[in-house]
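Letter by letter, the chains look like this.
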Amino acid sequence: VEKSIENAKNYGIPIEVAKENIQIRDTLQDYPRFLKNLKYPIYHITNPPYLYLGYIAKNSERNLKYFIGPNEGYQDLYQIALINDLRSGLEKLVYIIPTNFLFGFSVSNKARKDFLPFYSIKKAIIFERKIYSRHNRNILVF
């Protein structure tokens, strides 16, 4: 957080504004509802985590809490992030996600069915080479 505040200051953002608006928050569990009431439209730019349900069940049980209630049936944390934006009425999104969101089979069917009727993909960039050191999968930016 402190490094992000310092970066914001270096870009000319007043330190008071940066300190008020840059914070740690678990938006998957506690989505900021105040976003609906802002004067200007939000452009949500994010790189949500790629932790899928099978991995979480074996290695990261603390994240299972995200897949209950209205999120039951989703298979990955980025799908929950997308649906949270939809539920909150955000109109402008830039996501960095795995290509299986568009091209995968059953694991993405529910998310695509729930999400795509409400959004149009204006542009997509597919990186076909490894761009993150930990992951070796195609990445889709839209």
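Residues numbered from 1 in each chain as written. Predicted model: local features only at pLDDT ≥ 70, side-chain atom pairs only at ≥ 80, totals over all residues. Heavy atoms only, no water.

**Student:** An account of the overall build of the protein chain is requested, with residue identities and associated values reported.
**Tutor:** Looking only at helices and strands, the protein chain features 6 helices and 4 strands. Among the 142 residues that make up the protein chain, the fraction classed as buried is 32%. (Helix = DSSP H or I, 4+ residues; strand = E, 2+ residues; numbered from the N terminus. Buried < 20%, exposed > 50% of the residue type's maximum accessible area, 1.4 Å probe, protein only.)

**Student:** Any details on the environment of Leu64? Residues and values, ideally.
**Tutor:** Mapping Leu64 onto the fold places it in the loop between helix H3 (53-59) and helix H4 (77-87). The class for Leu64 is partly exposed, based on a relative accessible area of 32%. C-alpha separation for the pair Leu64 and Gly54, spaced 10 residues apart in sequence, amounts to 9.9 Å. In this view, Leu64 contacts Leu53, Ile56 and Ala57; residues no more than four positions away in its chain are not counted. (Contact = heavy atoms within 4.5 Å.)

**Student:** Help me get a handle on the pattern of salt bridges, residues and values and all.
**Tutor:** Counted by the stated rule, this structure contains 2 salt bridges. Between Lys9 and Glu6 there is a salt bridge; the shortest N-O distance is 3.8 Å. Note that Lys9 and Glu6 are positioned in helix H1 (residues 2-10) at a spacing of 3 residues, about one turn of the helix. For Lys9, a relative accessible area of 42% translates into the label partly exposed. With a shortest N-O distance of 3.0 Å, Lys110 and Asp114 are connected by a salt bridge. Of this pair, Lys110 and Asp114 both sit in helix H6 (residues 106-115), 4 residues apart, which is roughly one turn of the helix. Taking relative accessible area as the criterion, Lys110 reaches 32% and is therefore assigned partly exposed. (Salt bridge = Lys/Arg side-chain N within 4 Å of Asp/Glu carboxyl O.)

**Student:** Tell me about H4, and please be specific about residues and values.
**Tutor:** Of all 11 residues making up H4, 9 are buried, and the element is well covered by its neighbours. What H4 keeps buried is the set Leu77, Tyr78, Gln79, Ile80, Ala81, Leu82, Ile83, Asn84 and Asp85. As for H4, its buried residues are in contact with strand S1 (43-46), H3, strand S2 (92-98), helix H5 (100-103) and H6. Trailing H4 by a residue or two, Gly89 shows a phi angle of about 75 degrees, which is positive.

**Student:** Summarise the side chain of Asn84; cite the residues concerned and give the values.
**Tutor:** Considering the arrangement of structural elements, one finds Asn84 in helix H4. You can call Asn84 buried: its relative accessible area is 7%. Sequence-distant contacts of Asn84, that is, excluding residues within four places in its chain, are made with Thr27, Leu28 and Tyr31.

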